[in-house]
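For reference, the chains in residue letters:
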Amino acid sequence: MKANNILLYLTAIFAVISAGCSKDDDNGIPVSPVEASVSISSRAADPQALDTEKINTWWMAFVDARGTVVKIIDRSQASALDGTRLPSTPVETESFRTNLDSGVYTIYAFANMGNYTTASEHFGFVVGQPAPESIDTERWSSTINIGDLVPMTGVLRDVPLTDLASRNIIVEVVRLYAKVRFELGSHSTVVSSQVLQRATMSGASSTAVNLLPDYNILGTQTVRSKAPTLPEGVTSTDLVFVPDGGGVAVGDPSNPLILEGYVLETRSTHPTGHYVLSFDFLRSDSQPDRTTALAYELDHITRNDLIVIPVTFTDWNIELDVRFYPPIGGYPAYLVEQRGDEFYATFGSSGSFAIVPQVRRLTDGTLVAPADCEVTLTVESGSEIFSRPPQVDATCEIIGEIADNVTGTAVIKLEFKVKEDVIKHIFTRKLYIIR
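Note that this is a predicted model, so its numbers are computed, not measured.

The next thing to look at is the sheet that holds strand 9 (residues 152-161). Strand order in the open sheet formed by seven strands is 5-4-7-9-10-3-6, with mixed pairing between adjacent strands. The two strands at the open ends of the sheet, each matched to only one other strand, are strand 5 (69-74) and strand 6 (93-101). Averaged over neighbouring strand pairs, the angle between their axes works out to 20° when direction is ignored.

The predicted coordinates ought not to be read in detail in places where the model reports low pLDDT. Looking at the protein chain, the pLDDT average stands at 84 and 87% of residues meet or exceed 70. The low-confidence segment residues 1-22, where pLDDT is below 50, has one contact with residues more than four positions distant or belonging to other chains. Here residues 328-333 is a poorly scored stretch, pLDDT under 50, and it has 11 contacts once near neighbours within four places are set aside; other chains count.

What the three strands build is an open sheet, ordered 15-11-20; its pairing is mixed. Edge positions in the sheet fall to strand 15 (257-264) and strand 20 (306-313), since each has one partner strand and no second. Recorded for the sheet is a direction-independent mean angle of 20° between the axes of neighbouring strands.

A separate point is the environment of T235. Looking at where T235 falls in the secondary structure, it is placed in the loop between strand 13 (209-210) and strand 14 (236-241). For T235, a relative accessible area of 46% corresponds to the partly exposed category. Contacts of T235, omitting those with residues within four sequence positions, involve S205, S206 and T207.

So, about the pattern of salt bridges. Throughout the structure, instances matching the rule amount to 17 salt bridges. Where R303 meets E265, a salt bridge forms, and the shortest distance between an N and an O atom there is 2.9 Å. Highlighted residues: R303 in the loop between strand 19 (300-301) and strand 20 and E265 in the loop between strand 15 and strand 16 (266-267), separated in sequence by 38 residues. Overall, E265 belongs to the buried group, its relative accessible area being 4%. Its salt-bridge partner being R360, residue E319 comes within 2.8 Å of it at the nearest N-O pair. Of this pair, E319 sits in strand 21 (residues 316-325) while R360 sits in strand 24 (residues 351-361); the two residues are 41 residues apart in sequence, bridging distant segments of the chain. A relative accessible area of 24% places E319 in the partly exposed class. Where salt bridges share partners, they join E53, K179, R181 and E260 into one cluster.

Attention shifts here to the pairing of strand 9. Examined bridge by bridge, strand 7 (residues 103-111) and strand 9 share eight bridges and lie antiparallel to one another. Its bridge partner being in strand 9, A111 is matched across the sheet by M152. Alignment of strand 9 against strand 10 (residues 168-175), held across two bridges, turns out to be antiparallel. Bridge pairing in strand 10 places T153 opposite V174.

Here we come to the nonpolar core. Ranked by internal contacts, the top residues of the largest apolar core, which has 28 residues, are F182, L184, M201, F279 and I301. F182 has contacts with A199, M201, F241, L257, I258, L259, L277, F279 and I309, leaving out every residue within four places of it along the chain. One finds W316, I318, L320 and I412 within the second-largest nonpolar core, a separate group that totals 26 residues.

Here the phi dihedral of D158 falls at roughly 55°; this positive angle occurs in a residue that is not glycine. For D158, the location among the structural elements is in strand 9. Despite not being glycine, C396 has its phi angle at roughly 70°, a positive value. As for its placement among the helices and strands, C396 is situated in the loop between strand 26 (386-392) and strand 27 (398-402).

Our next topic: the environment of E297. Residue placement: E297 occurs in the loop between strand 18 (288-295) and strand 19. A residue is classified by how much of its surface remains accessible, and E297, at 55% relative accessible area, is exposed. Distance in space between the C-alpha atoms of E297 and D421 is 9.8 Å, their sequence separation being 124 residues. Excluding its chain neighbours within four sequence positions, the residues that come into contact with E297 are H274 and V422.

Rules used throughout
- The written sequence of each chain sets the order in which its residues are numbered from 1.
- The model is predicted, so local features are restricted to residues of pLDDT at least 70 and side-chain atom pairs to those at 80 or more, both for listing and for counting; the totals for chains, interfaces and linings are taken over all residues.
- Note that water and hydrogens are dropped before the side-chain values are worked out from all heavy atoms of the structure.
- Note on pairing: two strands pair once DSSP finds at least 2 bridges between them.
- A run of H or I in DSSP counts as a helix once it spans at least four residues, and a run of E counts as a strand once it spans at least two, with each numbered from the N terminus.
- The angle between two axes is taken between their N-to-C directions and runs from 0 to 180 degrees, where each axis is a line fitted to C-alpha atoms and a helix contributes only its stretch in contact.
- Predictor confidence is given residue by residue as pLDDT, running from a minimum of 0 to a maximum of 100.
- By definition in these notes, contact holds between two residues if any of their heavy atoms fall within 4.5 Å.
- Note on exposure labels: buried denotes an accessible area under 20% of the residue type's maximum, exposed denotes more than 50%, and partly exposed covers the range between, all computed with a 1.4 Å probe on protein chains only.
- The salt bridge criterion pairs a side-chain nitrogen of Lys or Arg with a carboxyl oxygen of Asp or Glu, the two atoms within 4 Å.
- In plain words, nonpolar cores are sets of buried Ala, Val, Leu, Ile, Met, Phe, Trp, Tyr and Cys residues tied together by side-chain atoms within 4.5 Å.

Quick look at the structure:
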C-alpha cells in the first residue's frame, strides 16, 4: 500500500511538470516557445537611393493561424541578433530576434509609416484582437515629395515556425511609390535660348493603389515589372514639375537637368497606350512654346520602379517633297511654299499627288531614317476637293487625288513622331492644299 502511494505521488508530480513545459493550440497540438531571427529587407530600386528611400522606421504585426494578432514589434524596441539595441540609421535590411510560440504565422511589415503605436490607429492591428479583415483590400492615396520618407509595406503569409530551419524569416517590404527621373539636355539653339517653366508626364500617377504589394509583378534591376492591377474606380493623375524661380535653363546633355518625382503605380490611359511628355518653355521674346514627346517604350509604372527618361532637345526641319501626276492634257503646275510651321501646296488641275515628308536634324544635317519617323494626318476641313482623300501609306508617303472641277482649300494636320533613345519627339505642322 505504501509503495502504491509513492508511485501515485510520483505520477502526479510528473504530470504537473509536463503541464508546465508545454501547452496545446486549439487543435490539441503541443506548442512551445521558439526564438526566431527575423529580417526586414527592402527591394532595391536605385543603387544611389536616398536615405529617405531606405528603411528608417518599421513595425511588424504577427498574426497566428487563428487570425489573432499575437505580437507587434517596433524597431525602437527590438533587439539585434547579438542582444544589443538596433541602430536608428537608415538601412536596406535589418535583423532582430524575437520569441514566438511554435505555429504558423502571417507577418505584416510597414516601414517609414510611424511606429507601433500608430498600428491600431491606421490599420487596426491590436494585440489579442483579430487582424483587420480589410487589410488585404486597404488602399493608399497619399502623395509625397523628394525628401519625404518613402512608405513601404510587405506581407509574408503562412510562415511555419517549428524548428531551427524555419527560424530565419525574411520579410520584404516594397516602396509604395515609383520614382520617375527626367534627364534633360539640349542640342537645340531654340531651346538653349529659352527657360523651362513646366514639365508634365500625363497620367503618370494614380489617385489610389492597393496598400499591400503583389510580389508577382515586381521588377528587378534587370527584369521589367509587369502592369499593376489597380483598385476599382481609381483614376490617373499627371506628374508635374514646376522649377523654382519661374524657370530653369536646359544645358548640354553631358550635364543634364535632373527632375525627379514620386508616383503611385499606374497604367497608361492615353490612346497610344503610352505616356505623353510635354515641356513648356518661355521664349526670349516672352512667348510660350511647347515641345511634346511620347515615352513609347513605357505603358505602365509599378511600385518600386525607377523610371529614367533621357530627353535631348534637337532642332528639326520638315521638308515636303511634292510630286503631282495630272491627267493627260492636265495642267501640271504646282507650287509649294513654307511659312513657319505651315505648308501651302497649290495645284493647277485635278490629278494624283504624293507628298514625301522628310525630317532633318539641324544639328548635323542628317535625315531621320524612315523607320524612326511616323506620320499621321487629319483632314480638318475642305475634304470636298479630293476624289481620293489623302492618307499615309506604308512608306510614309502621303498620297491622294484632287477632284475634277472642284476648287477650294483643304486644311490638313500633320503629326510627326521621331524616335530618339527611349522617347518619340512629337511635333505638328499644318498643310494647306489649294485647288
